[in-house]
Amino acid sequence: MQKIEFKLGEVFRCGLIKLRCEETRNIGGCCEGCFFHFRCFKDSTGAISGPCSRTEREDKTDVIFVKVEE
């Protein structure tokens, strides 16, 4: 089965950085705190990280992608 999204808490590489998929509860400003905020282009970003909107995710959860500092 093909992977289509990252699970909550899952860490993955995006180029040279690591990102973690986290739940967001920011109603109306759900992109706030996301690595892709102001860089988001739904088609290309979705191909990298999968969907972030609860309406498109299997777990029905709004998520953001946070940079993991090492």
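Coordinates for the structure precede this section.
Conventions and cut-offs
Numbering of residues begins from 1 in every chain and follows the order in which that chain's sequence is written. Side-chain atom pairs in this predicted model are given and counted only at pLDDT of 80 or more, local residue features only at pLDDT of at least 70, and totals for whole chains, interfaces and linings cover all residues. As a convention, hydrogens and water are excluded, and side-chain values are obtained from all of the structure's heavy atoms. Numbering goes from the N terminus for both helices and strands, where a helix is a DSSP run of H or I of at least four residues and a strand is a run of E of at least two. The contact criterion used throughout is that any non-hydrogen atoms of two residues lie within 4.5 Å. In this scheme Phe, Tyr and Trp rings, the latter by its six-membered ring, pair at centre separations within 6.5 Å, and the angle between planes marks the pair as stacked below 30 degrees, edge-to-face above 60, and tilted otherwise. Buried residues of nine kinds, namely Ala, Val, Leu, Ile, Met, Phe, Trp, Tyr and Cys, make up a nonpolar core once their side-chain atoms join them within 4.5 Å. Using a 1.4 Å probe on the protein chains alone, a residue whose accessible area is under 20% of its type maximum counts as buried, one over 50% counts as exposed, and one in between counts as partly exposed. Here the rule is simple: two strands pair whenever DSSP picks up at least two bridges between them.

I'd like to hear about the environment of Val11, residue by residue, with values.
Summarising the element assignment, Val11 is placed in strand β1 (residues 11–14). When sequence neighbours within four positions are dropped, the list of residues in contact with Val11 reads Lys18, Leu19, Arg20 and Val68.

Explain the packing of aromatic side chains to me, using residue names and the numbers behind them.
Under the counting rule described, the total for this entry stands at four aromatic pairs. These aromatic residues form a ring-pair network of at least three members: Phe6, Phe12, Phe35, Phe36 and Phe65.

Let's hear about the nonpolar core: which residues, and what values?
Judged by nonpolar contacts, Phe6, Phe12, Cys14, Leu19, Cys21, Cys34, Phe36, Val63, Ile64, Phe65 and Val66 together constitute the single largest core of eleven residues. Elements with a contribution of two residues or more to this core: β1, β2 (17–23) and β3 (63–67). The element contributing the most residues to this core is β3, with four residues. If near-sequence neighbours (up to four positions away) are discounted, Phe36 is found in contact with Cys14, Leu19, Thr45, Ile48, Ser49 and Phe65.

Summarise the pairing of β2; cite the residues concerned and give the values.
Sheet topology note: the β1/β2 ladder contains four bridges and is antiparallel. Along β2, the bridge assignment pairs Cys14 with Ile17. In this structure, the hairpin formed by β1 and β2 is closed by a connection of two residues, where Gly15 is found at a positive phi of approximately 70°. In terms of strand pairing, β2 meets β3 through five bridges, oriented antiparallel. Bridge pairing in β3 places Cys21 opposite Phe65.

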